[in-house]
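Below, each chain spelled out in residue letters.
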Amino acid sequence: MTATTDGGWMALPIAAPPQPGEVLAVAMGDRRLAVWGTSDGGVQAWDDRCPHRGAPLSAGRVRDGQLVCGKHGWRFDACGHRIVPREADRAVSALDACARVHETRREGTAVWVRMTADQPGEVIECR
Ligand code: FES
């Protein structure tokens, strides 16, 4: 499947939505996504890049409804906000610490994503 970043909806190339707590690495053209299942059966699709030091979030795990980066343990809520600051990382602002979250919708076994454009130098705003 060819990915675009024009704001349009695209079907994720996966056979089935992730189960609650499951994290998948999904390629959409030149973009990589961490796609994970929430406890209520929802699906999240985030850029597969931790805002801390760029580790793949798809290598993390879901714990208590949060995605935990496998590299240094930063935790993000379902909106992509970092919620457990580490003592050594307090200088990082909240804006710098958000994962890029893409809008998703689920239709049966299909998951659709509307990816936001990746702008060089862009500050990701927490929603
Ligand atoms: S790279 Fe994710 S917590 Fe450090």
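Residue indices follow the written sequence of each chain, beginning from 1 at its first position. Per-residue local features of the predicted model are confined to residues with pLDDT of at least 70, and side-chain atom pairs are confined, for both listing and counting, to 80 or more; whole-chain, interface and lining totals are unaffected and use all residues.

Chemist: What am I meant to see in the overall build of the protein here?
Modeler: Only DSSP runs of H or I covering at least 4 residues are called helices, and only runs of E covering at least 2 are called strands; the numbering of each starts at the N terminus. Per the secondary structure count, the protein includes 0 helices and 9 strands. Each helix and strand of the protein, placed in order from N terminus to C terminus, yields the pattern β-β-β-β-β-β-β-β-β. To assign burial, the other C-beta atoms lying within 10 Å of each residue's own C-beta are counted, with C-beta atoms placed from the backbone; 20 or more indicates buried, 12 or fewer indicates exposed, and intermediate counts indicate partly exposed. Buried residues in the protein amount to 30% of all 127 residues. Residues are treated as contacting if the C-beta atoms built from their backbones sit within 7 Å of each other. In the protein, once contacts between residues fewer than 6 apart in sequence are set aside, the share between residues at least 24 apart is 43%.

Chemist: Can you help me understand the environment of glycine 80 in this one?
Modeler: Along the chain, glycine 80 turns up in the loop between strand 7 (75-76) and strand 8 (101-107). Classification of glycine 80 as buried rests on a count of 21 C-beta atoms within 10 Å. Residues glycine 80 and proline 51, spaced 29 residues apart in sequence, show a C-alpha to C-alpha distance of 9.9 Å.

Chemist: Explain the sheet that holds strand 6 (residues 66-68) here, please?
Modeler: Strand pairing in a sheet takes place through backbone hydrogen bonds and is either antiparallel or parallel in direction. On the basis of which strands lie adjacent, the open sheet formed by 3 strands has the order 5-6-7 and antiparallel pairing. Two strands close off the open sheet at either side, each with one partner strand: strand 5 (61-63) and strand 7. In this description, strands pair whenever DSSP reports at least two bridges between them. Bridge count between strand 5 and strand 6: 3 bridges; the pairing is antiparallel. By the bridge assignment, arginine 63 is partnered in strand 6 with glutamine 66.

Chemist: It is not clear to me how the pairing of strand 4 (residues 43-47) should be interpreted in this structure. Could you clarify?
Modeler: Walk down a regular strand and you will see the side chains alternate between the two sheet faces. In terms of burial, strand 4 is a largely internal element, 5 of the 5 residues being buried. Pairing between strand 3 (residues 31-37) and strand 4: 5 bridges, direction antiparallel. Residue pairing across strands places glycine 37 opposite valine 43, the latter belonging to strand 4. The sheet contact formed by strand 4 and strand 8 spans 2 bridges and is antiparallel. Within the sheet, the bridge partner assigned to tryptophan 46 lies in strand 8 and is valine 101.

Chemist: Looking at this structure, how should I read the sheet that holds strand 8?
Modeler: If you trace the 6 strands from one edge of the open sheet to the other, you get 1-9-8-4-3-2, paired in antiparallel fashion. Of all strands in the sheet, those with a lone pairing partner are strand 1 (9-11) and strand 2 (23-28), marking the two edges. Mean inter-strand twist for the sheet, computed between neighbouring axes without regard to direction, equals 30°. Bridge analysis of strand 2 against strand 3 gives 6 bridges, and the strand direction is antiparallel. Its bridge partner lying in strand 3, alanine 25 is registered against alanine 34. Each axis is a line fitted through C-alpha atoms, and for a helix only the stretch in contact is used; angles between axes span 0 to 180 degrees, taken between their N-to-C directions.

Chemist: Help me understand the confidence of the model for the protein in this model?
Modeler: Low pLDDT means the predicted atomic positions in that stretch should not be read closely. pLDDT runs from 0 to 100 and stands for how confident the predictor is about each residue. Here the protein averages 82 in pLDDT, and 76% of its residues register 70 or above. This stretch, residues 1-6, has a pLDDT under 50; its non-local contacts, to residues over four places away or in other chains, come to 12 contacts.

Chemist: Explain the environment of valine 62 here, please?
Modeler: Tracing the backbone shows valine 62 in strand 5. For valine 62, a count of 20 C-beta atoms within 10 Å gives the class buried. Aside from chain neighbours lying at most four places away, what touches valine 62 is Gly21, Val23, Trp36 and Leu67.

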